[in-house]
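# Fold and geometry: a report
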Amino acid sequence: MALPALPVDAALPDLRRLLVGGDNAVLQAPPGAGKTTRVPLALLDEPWLAGRGILMLEPRRLAARAAAHRMAALLGEPVGETVGYRMRLEGRAGPATRVLVVTEGLLARMIQDDPALDGFGLVIFDEFHERSLQADLGLALCLDARQGLRPDLRLLVMSATLDGEAVAGLLGAPPPVSSQGRAHPVTVRHAGRDPEDPVAAAAAQVRRALAEDAGDVLVFLPGEGEIRRAVALLEGLPEAVAVAPLYGNLPPAAQDAAIAPAPPGRRKVVLATAIAETSLTIEGIGVVVDAGLARRPRFEPGSGMTRLVTEPVSRAAAEQRAGRAGRLGPGVCYRLWTRERDRALAAFAPPEIAVADLAPLALELAVWGAREPAELRWLDPPPPAAYAQARDLLAALGAVDAEGRATAHGRAMAALGAHPRLAHMILAGAALGHGVLACEVAALLSERDILRPAAGPRPADLRVRVAALRTGDGHGHPVDAAVRRRARQAAAAWRRRLKIAAADGPADDEAVGLLLALAYPDRVARRRAGGEPRYLMRNGRGARLDDLDPLATAEWLAVAHLDGARREARAFLAAPLAAAALEALFAEAVETRESVEWEAREQLVRARRQRRLGALVLEDRPLPDPPPEAVAAAMIDGIRRLGLAALPWTRDTESLRQRVMFLRRVQGADAWPDLSDAALLDGLEDWLGPYLDGVSRRVLLARLDLAGALDALIGWPRRGAVDRLAPTHLEVPSGSRVRLDYSGPEPVLAVRLQEMFGARQTPCVADGAVPVLLHLLSPARRPVQVTRDLESFWAQGYRAVKADLKGRYPRHYWPDDPLAAPPTRRARPRR
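Every value quoted in this text rests on a predicted model; they were computed, and no experiment measured them.

## Considering the overall build of the chain
Helix and strand content of the chain: 28 helices and 31 strands. Its C-alpha radius of gyration of 42 Å places the chain more than 25% over the 28 Å reference for a compact globule of 831 residues. When the backbone C-alpha atoms are referred to their principal axes, the chain occupies close to 145 × 60 × 60 Å. Looking at the 831 residues of the chain, the share that counts as buried comes to 51%. Residue pairs in contact within the chain that sit at least 24 positions apart in sequence constitute 67% of those at least 6 positions apart. Summed over all atoms, the accessible surface of the chain reaches about 36,900 Å², with 51% contributed by carbon and sulfur. Counting 109 positive and 101 negative side-chain charges, the chain places the averaged centre of each group 5 Å from the other.

This is the structure in structure tokens:
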């Protein structure tokens, strides 16, 4: 039948020429060119296809269904004849289907099952500029299959805004074929300032546009929650205006209603997510209201968690959205952000492969036989850190061996088409006799929350969701009927695939936590000490529940969903886990560790025997007889951390250390050991270690024999020389024994002046080699003179000092001739 003319028709001759020659091809065509529905039908009768089919990958479910319906309508056939589609839990295709539109991970699954893709001669990657992870993976697998198995397989990449030259280089193809779009001028108007509430601003702009502009209105909002709120804000519009939400989780009938043209005499407001950016023509749109936001998943390798982030759209996405207003005639686009912020937008959003959880991709590559991503060709290779973490997860789940090759379990996981965590849980849960429940839990975790927000916070307990899935009772919270329907369909599909008989009746409460632990072994958590519901997970990270959550008293949890916070994430979905079940499940991973470590607060060594699962301590008991050498090493470690001041220094031991350092300065480093802080800390094992060997871990530092250790370090022969060469005390003329101070650069003898009467020479140490520094003191023991030359002081300085002291201490003895006067410790000498 004759097909209506479309702008892309002009590019078809060049496209046919490339494909006839056996080349791959890249087609660049803006939205509105008609590439999605025209190109597959135009190529269907090419001789090189030889009766084989065309496989087309669409990144979005809604676009895939709409494209298949539109192509079938152009052929005057129902969907499922010449044109069909397949996606998760839905499909319409038959033996006569020649154009098959697929989405999500179905292309990877099909090529894994049939690497040659024998039934197809062409694979089309539509809307490749969206750079979905599955599109990048599918293209890499197809390129590898073409090189090794199917050199006649043609690949066609169709894109609206992507760098076509780069894609053509990856495909080994000539420069891209270009097509003009069918677009009318669009007037773009920016907001005067960035709104504090984009949803309220969008609703207000819709009301103004309905009054001032012609045509239906398409509003771009980041997610379902914002769309629901906008619906509420738009209540009270005239009866002739219908408000239609449009997002991925809507039932197909509601999606079809949103994209269908409004009845004559009526207008329509479509509230959509980014699902309406490309591949989809919504009839009647003349006005676009763009909040400028998109919600995308972001995987954090450091935490191993994926979280949804709301961020500004890219410039390319903003242009795509604005173009929706010019499909049928001149239109207008209201951007709810300023021109200044518009100039700061990123050119493109990052490809999903750069920010996504790569565990599904790593499993597919392992099943394909590629041990490293570098064995395949990529437009953007997977980031090494995220890919390494994905491989570690697969190894922990038993999906790959030590060489990175897929195990039989890993192949069975990949065949289920679920995330590797959930696939492992289904298979392992079925082996434990919990197959029905495992399928239900996997279905719930694959969807958004089955419980809708209500007056109070939603409980974190996944068991409540299982009950809602089975009975429709949300324990006081409204149940999302669409989510419940899809989850029941998914659970039933997995049961059929694994031939698990359906069963009714309540779920085993304990088994829910067990199954979550299978899927998230790194997020098994134990409650921390204290009153708050704070938990430590096996991976070492923290998690917490709301204080009033019914699960807040559970000792053990298996956590599924968290908010991705780095230090302590909030747990949204979890289930209690029995300690016995945990021990049985991870028996091979439990490690027994004996630790002998320094306890700084009590300054002693603690010896413990612990059974651990990652960061979790399952059992902690004292170690009765720790190895003496381990105790000594722990004490030395503690001393190093505390510093030498932690040792039980006394006046005598400190003085001994100072005297040795004095002799080292005087007689040389070779003659005396180094007792400086740095040297003592560096050599703790050598000089203090022998005095720690065999001591009890309960021995406090205050009880250490530090004097004995220092004596041993100095050595017995030199120990006697220390007392002779650097005595602790000197006897002065009065008969007093006065302590020497070696803490400074030279020895100091602080003595009252009257006790030195009669002494001509300054006292010396080190066999007379070093005179001491005399601090001559008043009767009140205050310095009145510092000198190294006592005889010179008597001759020259004493007279002035005597006059001063005699005035302040008149009752004391101040002779005119100090050399002839008797020394005294009294105010006056004895007669």
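## What to know about the nonpolar core
One finds Phe125 and Leu171 to be the most contacted residues of the largest nonpolar core, which totals 111 residues. Ignoring anything within four residues of it in the chain, the contact list for Leu171 reads Asn24, Ala25, Val26, Leu139, Leu143, Leu155 and Val157. Residues Leu623, Leu725, Phe757 and Leu790 belong to the second largest nonpolar core, which totals 62 residues.

## Observations concerning the pairing of strand S2 (residues 53-57)
Taken across its five residues, S2 has five buried, putting it largely inside the fold. Looking at chain direction, S2 and strand S6 (residues 120-125) are connected through five bridges and run parallel. By the bridge assignment, Ile54 is partnered in S6 with Leu122. In this structure, S2 lies alongside strand S5 (residues 99-102), joined through four bridges in parallel fashion. Looking at S5, one finds that Leu57 is bridged to Val102.

## Structural notes on the sheet that holds strand S31 (residues 783-787)
In space, the five strands of this open sheet follow the order S25-S26-S27-S30-S31, with mixed pairing throughout. With one partner strand each, in any of the chains shown, strand S25 (729-731) and S31 form the two edges of the open sheet. Across the sheet, the axes of successive neighbouring strands diverge by a mean angle of 30 degrees, strand direction being ignored. Of the pairings in the sheet, the one linking strand S30 (residues 773-777) to S31 comprises four bridges and is antiparallel in character.

## Digging into helix H9 (residues 252-259)
Restricting attention to buried positions, one finds in H9 the residues Gln255, Ala258 and Ile259. Each buried residue of H9 lies within a common arc of 90 degrees when the element is viewed along its axis, so the set occupies one face. On its buried face, H9 sits against helix H3 (61-74), strand S11 (241-246) and strand S12 (267-272).

## Brief notes about the side chain of Gln610
Within the fold, Gln610 resides in strand S23 (residues 604-613). For Gln610, a relative accessible area of 14% corresponds to the buried category. A distance of 3.4 Å separates polar atoms of two side chains, one belonging to Gln610 and the other to Asp620. Among all residues touching Gln610, those that are not within four sequence positions of it are Glu591, Thr592, Arg593, Val617, Glu619 and Asp620.

## Notes on the sheet that holds strand S17 (residues 524-527)
On the basis of which strands lie adjacent, the closed barrel formed by five strands has the order S17-S18-S19-S21-S20 and mixed pairing. Pairwise comparison of adjacent strand axes, ignoring direction, gives a mean angle of 50 degrees for this sheet. Bridge count between strand S18 (residues 534-537) and strand S19 (residues 542-544): three bridges; the pairing is antiparallel. For Arg534, the partnering residue across the bridge sits in S19 and is Arg544. Here helix H20 (residues 509-519) sits on the sheet and contacts S17, strand S20 (556-562) and strand S21 (568-576); the angle it forms with S21, its principal contact strand, is near 130 degrees.

## Details of the packing of aromatic side chains
Counted according to the given criterion, the structure contains eight aromatic pairs. Between the aromatic rings of Phe662 and Tyr742, the centroid separation amounts to 5.4 Å while the plane-to-plane angle is 50 degrees, which identifies the pairing as tilted. One end of the pair, Phe662, is in helix H23 (residues 651-667); the other, Tyr742, is in the loop between strand S26 (737-741) and strand S27 (748-752), and 80 residues separate them in sequence. Phe662 gets classed as buried once you look at its relative accessible area, which sits at 2%.

## Focus on the packing of H23 against helix H26 (residues 706-714)
Taken N-terminus to C-terminus, the directions of H23 and H26 make an angle of 20 degrees; their axes are 10 Å apart at the nearest point. One finds that H23 runs roughly parallel with respect to H26. Two packed elements cross with a definite hand, and for H23 against H26 that hand is left-handed. Counted together, Thr653, Leu656 and Val660 of H23 and Leu706, Ala707, Leu710, Asp711 and Ile714 of H26 form the full contact between these two elements.

## Observations concerning the pattern of salt bridges
Oppositely charged side chains can pair when the atoms bearing their charge come close. Counted under the stated rule, the structure contains 57 salt bridges. Note that Asp547 is salt-bridged to Arg544, the shortest N-O span being 3.2 Å. Judged by its relative accessible area of 53%, Asp547 is exposed. The salt bridge involving Glu568 is made with Arg544; its shortest N-O contact spans 3.8 Å.

## Some thoughts on the packing of helix H17 (residues 435-446) against helix H18 (residues 462-471)
It is the contact of H17 with H18, at a shortest axis distance of 10 Å, that shows an interaxial angle of 100 degrees. The pairing of H17 with H18 is recorded here as roughly perpendicular in orientation. Seen from H17, the contacting residues are Val436, Leu437, Glu440, Val441, Leu444 and Leu445; seen from H18, they are Leu462, Arg465, Val466, Leu469 and Arg470. Considered class by class, the residues forming the contact of H17 with H18 number eight nonpolar, no polar and three charged.

## Description of the environment of Val177
Considering the arrangement of structural elements, one finds Val177 in strand S8 (residues 177-178). Sequence separation of Val177 and Gly192 is 15 residues, and the distance between their C-alpha atoms is 40 Å. Those residues in contact with Val177 that sit more than four places away from it in its chain are Ala11, Asp14, Leu15, Leu18, Val26, Leu27 and Gln28.

## A closer look at unusual backbone geometry
Here the phi dihedral of His475 falls at roughly 50 degrees; this positive angle occurs in a residue that is not glycine. Tracing the backbone shows His475 in the loop between H18 and helix H19 (481-498). The phi dihedral of Asp767 is positive, around 55 degrees, even though this residue is not glycine. With respect to the helices, strands and loops of the structure, Asp767 is situated in the loop between strand S28 (764-765) and strand S29 (770-771).

## Observations regarding H3
Spanning 14 residues, H3 covers 20 Å between terminal C-alpha atoms, matching the ideal 20 Å at 1.5 Å per step. For H3, the complete set of buried residues consists of Leu62, Ala63, Ala64, Arg65, Ala67, Ala68, Met71, Ala72 and Leu74. Downstream of H3 by a residue or two, Gly76 has a phi angle that is positive, lying close to 70 degrees.

## Quick look at the environment of Asp816
One can find Asp816 in the segment after helix H28 (790-808). When the C-alpha positions of Asp816 and Arg799 are compared, they lie 7.9 Å apart, and in sequence the two are 17 residues distant. When neighbours within four sequence positions are excluded, Asp816 is seen to be in contact with Tyr798 and Lys802.

## Remarks on the environment of Pro673
Tracing the backbone through its elements, the reader meets Pro673 in the loop between H23 and helix H24 (677-682). Relative accessible area serves as the criterion here: at 14%, Pro673 is assigned to the buried category. Measuring from C-alpha to C-alpha, the distance between Pro673 and Asp817 comes to 46 Å, with 144 residues separating the pair along the chain. Setting aside its immediate chain neighbours within four residues, Pro673 contacts Val660, Met661, Arg664, Leu713, Ile714 and Arg718.

What counts and what doesn't
Residues numbered from 1 in each chain as written. Predicted model: local features only at pLDDT ≥ 70, side-chain atom pairs only at ≥ 80, totals over all residues. Heavy atoms only, no water. Helix = DSSP H or I, 4+ residues; strand = E, 2+ residues; numbered from the N terminus. Rg over C-alpha atoms; globule rule 2.2 N^0.38 Å. Buried < 20%, exposed > 50% of the residue type's maximum accessible area, 1.4 Å probe, protein only. Contact = heavy atoms within 4.5 Å. Areas by Shrake-Rupley, 256 points an atom, 1.4 Å probe, with all protein chains shown as cover. Lys, Arg positive; Asp, Glu negative; His and termini not counted. Charge placed at Lys NZ, Arg CZ, Asp CG, Glu CD. Core = buried A, V, L, I, M, F, W, Y, C linked by side-chain atoms within 4.5 Å. Pairing = 2+ DSSP bridges. Axes fitted to C-alpha atoms, helices over the stretch in contact; angles between N-to-C directions. Arc of directions from axis to C-beta. Polar contact = N/O pair within 3.5 Å; in protein donor to acceptor, adjacent residues only side chain to side chain. Phe/Tyr/Trp six-rings, centres within 6.5 Å; stacked < 30°, edge-to-face > 60°. Parallel < 35°, antiparallel > 145°, perpendicular 65-115°, else oblique. Left-handed = near helix turned anticlockwise from the far one by under 90°. Salt bridge = Lys/Arg side-chain N within 4 Å of Asp/Glu carboxyl O. Nonpolar A, V, L, I, M, F, W, Y, C, P; charged D, E, K, R; others polar. Expected span 1.5 Å × (residues − 1).

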